[in-house]
Amino acid sequence: MDDGLDDAELERHLLQRWETPHGVWNALATVDHKIIARRYLVTAFVFLILGGLLAVAMRIQLAQPEARILDPDRYNQIFTMHGSTMMFLFAVPVMEAMAIYLVPLMVGTRNIAFPRLNAYSYWIILVGGLLLWISFALDAAPDVGWFAYVPLSGPEYGSGKRADIWAQMITFTELSALAVAVEIVVTVFKQRAPGMSLDRIPLLVWSMLVMAFIVIMAMPAIMFASSTLILDRLVETQFYNPAAGGDVLLWQHVFWFFGHPEVYIIFLPAAGMASTIVATFSRRTIFGYLPLVMAFIATGVLAFGLWVHHMFVVGLPRLGEGFFTASSMAIAVPAGIQIFCWLATLWLGRPVFATPLLFVIGFIVTFVIGGLTGVMVASVPFDTQVHDTYFVVAHFHYVLVGGAVFPLLGAIYYWFPKMTGRMMSERLGRWAFGLIFLGFNLTFFPMHILGLLGMPRRVYTYQPELPWAGLNLFISLSALLLVSGFVVFFIDVLRAWRSGEPAGPNPWKAGTLEWATSSPPPAYNFRRIPVVDACNPLWVHPDELAVTTGLRVDRRELIASSVVEALPQARESSPRDSIWPFWAAIATSIMLIGSIFTPWAVVWGSIPIAVTLIGWFWPKGTAEDTS
Ligand code: HEM
Ligand SMILES: [Cu+2]
């Protein structure tokens, strides 16, 4: 028990239980949520860089009419790789990574729920990303767009193994996302520090919780889509073949039933980050905590009622058009509530315009523009006009980059000191923000005009007679400005990681629990689990938080608490490190990659998976197993 121990002794015991020892083997076996989240973050940012380089390649090709730098086939692969990488290997995983790092700290617990599943989920997404990028290196990357419409991706037109690789990459990412979502839900519902009742949960945690529920509801649809696609291609099922009673529109329905909520999987965590940063730098509690939580939940529910707006040009019944236009516009209501609450918080507070807040303000501006064009394309006649043009490319980059990348960069500036113990530079941060904000708008705003001038998306070149050349050159030059902003950001990250100013536990004087422990936090997160009596416990008790005692120190243990009131219910053991999730991920990967080539891989490949799962769950007689 930890009751009688003084701080130093307690720390020694806890480290012995929780710390990941040195060595490659131990690194592969670790289940520490912070280490796994760091891996996720680094991996996701590597994919952002790779996806960004592809964007640069497209912009070089499009800078002039009739350029011959990329041939049409390469260009098809590149825009598919760019979209798929950004959506599946950067945006979703990066939000999951932030959840894996921050949620356990913000709710005041020692590790995430199901930590071995967490380790497994990382290896799975890593292999999925490698699969996609190795196929690109071999000139066999998917070329069917990030939504892989049939029949283009079906057995008749999709050549080679390209579409299969896309479909199986999707399987990897959805598997890992589902695993993380379950971990988040259980961590938030069952592992909150005593006293953190539902109305005291930090807003970021709320947003991650809603995100996790969206993942759980949306991913099965894309799982169905990618699996049936590969079945059609590999064993000649006829899901998408109208001649045999299949239906091509079925693909669009199941894809977008996932694809639209996907946008909110990315946006809601970003809204949580914005809420946190706005409150901290306004030096006051957030204005409208309850409306914000309600808006998050409403967004999560409405997200499932508007997928058909991606399909307006397939010819819908009049009633369907009206319904999906109305539901698409309705989502602007919770978005408006959020923006109102953030502005009110800034207005009523004493805002300090540090880099994280600058990124959030950039986010609000950009996201509002993206929302306005969103309301425009929600109208069927307008959408029919601009469908598949650069207007749409402009719209979704405003919501994706404005709505997710900007707040994410703000969040990195904000939580970097917690993760590494070092501060990033305010001066470089301002430069990065200025260049990225300006570069982004100069790059993407003119795309609206190009779209209205009729330039279609996904074309590898265009004729000089068309009135598009000047704008395209301008856009490509502006993209360089945007890229230079990212370069400044990454330089600052690397510089700060090695030699930034030491941060101390709470450099921003923030109010939530992750700032109640050292930076970076120790392996066990908190010496003693804090007791919470407010939304921002560190603002109410700046000197010392009340803590619980009574957890064992001779094994990994944490507090399980009730869902609503967070009353402590039980001492729960938390799994120790294990190499088996790694082997299970390797076995799963062999099965999934094998099934691109032969259906028998599913049969034979399930045997090694079963073996690794037996190893994973076999009782080892440790204290954690027997409690
Ligand atoms: C960093 C600067 C970026 C630039 C310069 C850029 C540029 C482009 C361009 C030019 C296209 C259209 C290609 C075409 O239709 O021929 C495109 C498509 C796309 N981009 Fe980006 N992009 C950037 C960042 C992002 C980010 C951060 C995301 C997501 C989080 C993203 C998601 C997409 C998607 C989903 C597509 C559609 C791909 C498809 O048509 O299948 N982009 N991008
Ligand atoms: Cu949508």
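Quick notes on the rules
- Residues numbered from 1 in each chain as written.
- Chains lettered and ligands numbered in written order.
- Predicted model: local features only at pLDDT ≥ 70, side-chain atom pairs only at ≥ 80, totals over all residues.
- Heavy atoms only, no water.
- Helix = DSSP H or I, 4+ residues; strand = E, 2+ residues; numbered from the N terminus.
- Expected span 1.5 Å × (residues − 1).
- Bend = angle between axes of the 7 residues up to and from the residue.
- Buried < 20%, exposed > 50% of the residue type's maximum accessible area, 1.4 Å probe, protein only.
- Polar contact = N/O pair within 3.5 Å; in protein donor to acceptor, adjacent residues only side chain to side chain.
- Donors = N, O, S within 2.8 Å, 3.2 Å for Na, K, Ca; no water.
- Tetrahedral: all angles 85-135°; square planar, octahedral: opposite > 155°, others 65-115°.
- Axes fitted to C-alpha atoms, helices over the stretch in contact; angles between N-to-C directions.
- Parallel < 35°, antiparallel > 145°, perpendicular 65-115°, else oblique.
- Nonpolar A, V, L, I, M, F, W, Y, C, P; charged D, E, K, R; others polar.
- Contact = heavy atoms within 4.5 Å.
- Patch = residues over 30% accessible without salt bridge, like charges linked within 9 Å, V, L, I, M, F, W, Y side chains within 5 Å.
- Areas by Shrake-Rupley, 256 points an atom, 1.4 Å probe, with all protein chains shown as cover.
- Salt bridge = Lys/Arg side-chain N within 4 Å of Asp/Glu carboxyl O.
- Phe/Tyr/Trp six-rings, centres within 6.5 Å; stacked < 30°, edge-to-face > 60°.
- Lys NZ or Arg CZ within 6 Å of the ring centre and 35° of its normal.

Engineer: What should I look at first to understand helix α4 (residues 72-107) in this one?
Structural biologist: Because an α-helix completes one turn every 3.6 residues, residues spaced three or four positions apart along the sequence face the same direction. Along its 36 residues, α4 runs 50 Å from first to last C-alpha, staying within 8% of the 52 Å computed at 1.5 Å per residue. Where α4 bends most, the angle comes to about 35°, and this point is T85. Judged by how many residues are buried, α4 sits mostly within the fold: 32 of 36 residues are covered. A distance of 3.1 Å separates the backbone nitrogen of D73 from a side-chain oxygen at the start of α4, and that oxygen is part of D71.

Engineer: Would you mind showing me how to read the coordination of the copper ion (ligand 2) here?
Structural biologist: Note on metal geometry: ideal angles are 109.5 degrees for four donors arranged tetrahedrally and 90 or 180 degrees for six donors arranged octahedrally. Protein coordination at the copper ion (ligand 2) comes from H260 (ND1), H309 (NE2) and H310 (NE2), with a distance range of 1.7 to 2.0 Å. When the donors of the copper ion (ligand 2) are listed by position in the chain, the intervening gaps give H-x48-H-H. One end of the pair, H260, is in helix α8 (residues 248-282); the other, H310, is in the loop between α9 (289-302) and α10 (318-330), and 50 residues separate them in sequence.

Engineer: What should I look at first to understand the coordination of the iron atom of ligand 1 in this one?
Structural biologist: Donor atoms from the polypeptide that bind the iron atom of ligand 1 are H82 (NE2) and H397 (NE2), placed at 1.9 to 2.1 Å. For the iron atom of ligand 1, the six donor atoms in the first shell make angles of 88 to 179° at the metal, so the coordination geometry reads as octahedral. Of this pair, H82 sits in helix α4 while H397 sits in helix α14 (residues 390-420); the two residues are 315 residues apart in sequence, bridging distant segments of the chain. For the pair shown, H82 and H397 are each scored as buried.

Engineer: Explanation requested: the packing of α14 against helix α15 (residues 426-452) in the structure shown.
Structural biologist: To describe two helices that pack against each other, one gives the angle between their axes and the distance between the axes. At a minimum axis distance of 8 Å, the contact between α14 and α15 shows a crossing angle of 170°. The pairing of α14 with α15 is recorded here as roughly antiparallel in orientation. Residue composition of the contact of α14 with α15, by class: 19 nonpolar, seven polar and no charged.

Engineer: Would you mind going over the packing of α14 against helix α16 (residues 469-499) with me for this structure?
Structural biologist: The contact between α14 and α16 brings their axes to 11 Å, and the two run at 10°. Between α14 and α16, the angle is such that the two are roughly parallel. Along the contact surface, α14 presents V405, L409, I412, Y413, F416 and T420, while α16 presents F486, F489, D492, V493, A496 and W497. Looking at the contact of α14 with α16, its residues break down into 10 nonpolar, one polar and one charged.

Engineer: Is there a simple way to explain α8 in this structure?
Structural biologist: With 35 residues, α8 extends 51 Å between its outermost C-alpha atoms, agreeing within 8% with the 51 Å of an ideal straight helix rising 1.5 Å per residue. At W256, α8 shows its maximal bend, which comes to roughly 30°. Of all the 35 residues making up α8, 29 are buried; the element is thus mostly covered by neighbouring parts of the structure. Its side-chain oxygen 2.8 Å from the backbone nitrogen of L249, D247 forms the N-cap of α8.

Engineer: Is there a simple way to explain the environment of R192 in this structure?
Structural biologist: Looking at the element boundaries, R192 is found in the loop between α6 (162-190) and α7 (203-234). In this structure the side chain of R192 is engaged in a polar contact, spanning 2.7 Å, whose partner is the backbone oxygen of V563.

Engineer: How should I be thinking about the environment of H387 in this particular structure?
Structural biologist: Its location among the elements puts H387 in the loop between α13 (380-386) and α14. Residues H387 and P407 lie 20 residues apart in sequence; the distance between their C-alpha atoms is 28 Å. When residues no more than four places from it in sequence are discounted, the contact partners of H387 are H310, V313 and V392.

Engineer: Would you take a moment to explain a nonpolar patch on the surface for this structure?
Structural biologist: Residues W600, V602, V603, W604, I607 and V611 make up a contiguous nonpolar surface patch of about 640 Å² in total accessible area. For V603, the position within the fold is in helix α19 (residues 600-617).

Engineer: I'm lost on the pattern of salt bridges in this one. Help?
Structural biologist: When the charged atoms of two side chains lie near each other, side chains of opposite charge can form a pair. Under the defined criterion, the tally for this structure stands at 15 salt bridges. Among the ionic pairs, R457 bridges to D388, the shortest N-O distance being 3.8 Å. With R457 in the loop between α15 and α16 and D388 in the loop between α13 and α14, the pair connects residues that are 69 residues apart, well separated along the chain. For R457, a relative accessible area of 13% gives the class buried. Salt bridges linked by common partners bring D7, E11, R527 and R528 together as one network.

Engineer: Explain the packing of aromatic side chains here, please?
Structural biologist: Any aromatic ring pair is given by two values, namely how distant the centres are and how the planes are angled relative to each other. A full pass over the atoms with the stated rule returns 58 aromatic pairs. A ring pair is formed by F88 and F258, whose centres lie 6.1 Å apart and whose planes are at 10°; its orientation type is stacked. Pair noted here: F88 is in helix α4 and F258 is in helix α8, with a separation of 170 residues, a long-range link. By relative accessible area, which is 4% here, F88 ends up buried. Ring plane angle 85° and centroid distance 6.0 Å describe the contact between F224 and F239, whose orientation is recorded as edge-to-face. Residue F224 is located in helix α7, and its partner F239 is located in the loop between α7 and α8; the two are separated by 15 residues in the primary sequence. Members of the aromatic cluster, each reached through a chain of ring pairs, are F45, F90, F359, Y398, F406, Y413, F433, F437, F440, F444, F489 and F490. Between the NZ or CZ atom of R74 and the centre of the ring of F136, over which it lies, the distance is 5.4 Å.

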